[in-house]
Amino acid sequence: MNFNNLDQLYRSVIMDHYKNPRNKGAIEDGSMTIDMNNPTCGDRIRLTLDVVDNVIKDAKFEGEGCSISMSSASMMTEAVKGHTIEEALHMSQEFSNMMLGESYEITDDMGDIESLSGVSKFPARIKCATLAWKAFEKGTKEEDDQ
Ligand code: FES
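Cut-offs used in this document
- Residues numbered from 1 in each chain as written.
- Predicted model: local features only at pLDDT ≥ 70, side-chain atom pairs only at ≥ 80, totals over all residues.
- Heavy atoms only, no water.
- Pairing = 2+ DSSP bridges.
- Helix = DSSP H or I, 4+ residues; strand = E, 2+ residues; numbered from the N terminus.
- Axes fitted to C-alpha atoms, helices over the stretch in contact; angles between N-to-C directions.
- Contact = heavy atoms within 4.5 Å.
- UniProt positions renumbered as here; feature names shortened; annotations may be inferred.
- pLDDT = per-residue confidence, 0-100.
- Expected span 1.5 Å × (residues − 1).
- Bend = angle between axes of the 7 residues up to and from the residue.
- Buried < 20%, exposed > 50% of the residue type's maximum accessible area, 1.4 Å probe, protein only.
- Salt bridge = Lys/Arg side-chain N within 4 Å of Asp/Glu carboxyl O.

Chemist: Give a description of the sheet that holds strand β1 (residues 32-37) that names residues and reports values.
Modeler: Taken together, the three strands give an open sheet; going across it, the order is β1-β2-β3, and neighbouring strands pair in antiparallel fashion. Sheet topology places β1 and β3 (55-64) at the edges, where each strand pairs with a single neighbour. Strand-to-strand twist across the sheet, computed as the mean angle between neighbouring axes with direction ignored, equals 20°. Note that strand β2 (residues 44-52) and β3 share nine bridges and pair antiparallel. When the sheet's bridge partners are listed, Thr 48 is paired in β3 with Lys 60. Contacting β2 and β3, helix α2 (residues 67-80) crosses the sheet at an angle of about 170° to β3. Against the sheet, helix α4 (residues 126-145) contacts β1, β2 and β3, and its axis sits at roughly 130° relative to β1.

Next up, the structure:
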């Protein structure tokens, strides 16, 4: 597959997550609720997680934002489900490396998130793509503070 085809494939994956978001909504009685906004545009996300014995049993998101932020939240919630907090934090680190144009490793169980790799070429959009991941990281830090 040449780069143009890959680009088109990635674009259609992103649009599919934007138009048919996975895990949209809120978890009633979730164990973690995190609000996060993108300071550059004001768009917001609310992430709710159900964590049992350190494993993310369920993850949902609400919010309004651009196609990059919403598709990324959809992919992120899919990727972290069934994983431990530490595994999900590792995914977040790899995603961040990908956004920074550094070497990264995306494993099959991380789903579609590699389709956002092209965002690294558009620095103004990186905060859109990392919004859901940053919300997750913030939630784990708040847990630690308690
Ligand atoms: Fe607001 Fe992308 S423009 S999150």
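Chemist: Tell me about the environment of Gln 8, residues and numbers included.
Modeler: Position of Gln 8 among the secondary structure elements: in helix α1 (residues 3-19). The spatial distance from the C-alpha of Gln 8 to the C-alpha of Asn 38 is 27 Å, given a sequence separation of 30 residues.

Chemist: Please give an account of the UniProt feature "domain: NIF system FeS cluster assembly NifU N-terminal" (unreviewed entry) in the protein chain that cites residues and values.
Modeler: Within the UniProt annotation, "domain: NIF system FeS cluster assembly NifU N-terminal" (unreviewed entry) is assigned to residues 10-128. End C-alpha to end C-alpha, residues 10-128 measures 16 Å, and it is 35% helix and 21% strand.

Chemist: Give me the lowdown on the confidence of the model for the protein chain, citing residues and values where you can.
Modeler: Averaged over every residue, the pLDDT of the protein chain is 94; the share at 70 or more is 97%. α1 is the least confidently modelled element of the protein chain, averaging 89 in pLDDT, while α2 averages 98, the highest of any element.

Chemist: Break down α4 for me, with residues and values.
Modeler: For α4, spanning 20 residues, the distance from its first C-alpha to its last is 27 Å, which sits close to the expected 28 Å at 1.5 Å a residue. Where α4 bends most, at Ala 132, the angle is about 40°. Listed in full, the buried residues belonging to α4 are Ile 126, Cys 128, Ala 129, Thr 130, Leu 131, Ala 132, Trp 133, Ala 135, Phe 136, Glu 137, Gly 139 and Thr 140. Buried residues along α4 sit against β1, β2, β3, α2 and α3 (85-99).

Chemist: Outline α2, listing residues and values.
Modeler: Here α2 contains 14 residues, and its C-alpha end-to-end distance of 20 Å stays within 8% of the 20 Å for a straight helix at 1.5 Å per residue. Most of α2 is tucked away: 12 of the 14 residues are buried. Phi for Gly 82, located one or two positions after α2, is positive at around 90°.

Chemist: Describe the pattern of salt bridges, and please don't skip the residues or the numbers.
Modeler: Applying the stated criterion across every chain, the model contains six salt bridges. Where Asp 16 meets Arg 22, a salt bridge forms, and the shortest distance between an N and an O atom there is 2.8 Å. Given the relative accessible area of 32%, Asp 16 is considered partly exposed. For the salt bridge of Lys 134 with Glu 137, the shortest nitrogen-to-oxygen distance reads 3.7 Å. Residue Lys 134 and its partner Glu 137 are both found in helix α4; the two are separated by three residues, about one turn of the helix. Connected via shared salt-bridge partners are Asp 16, Arg 22 and Glu 78.

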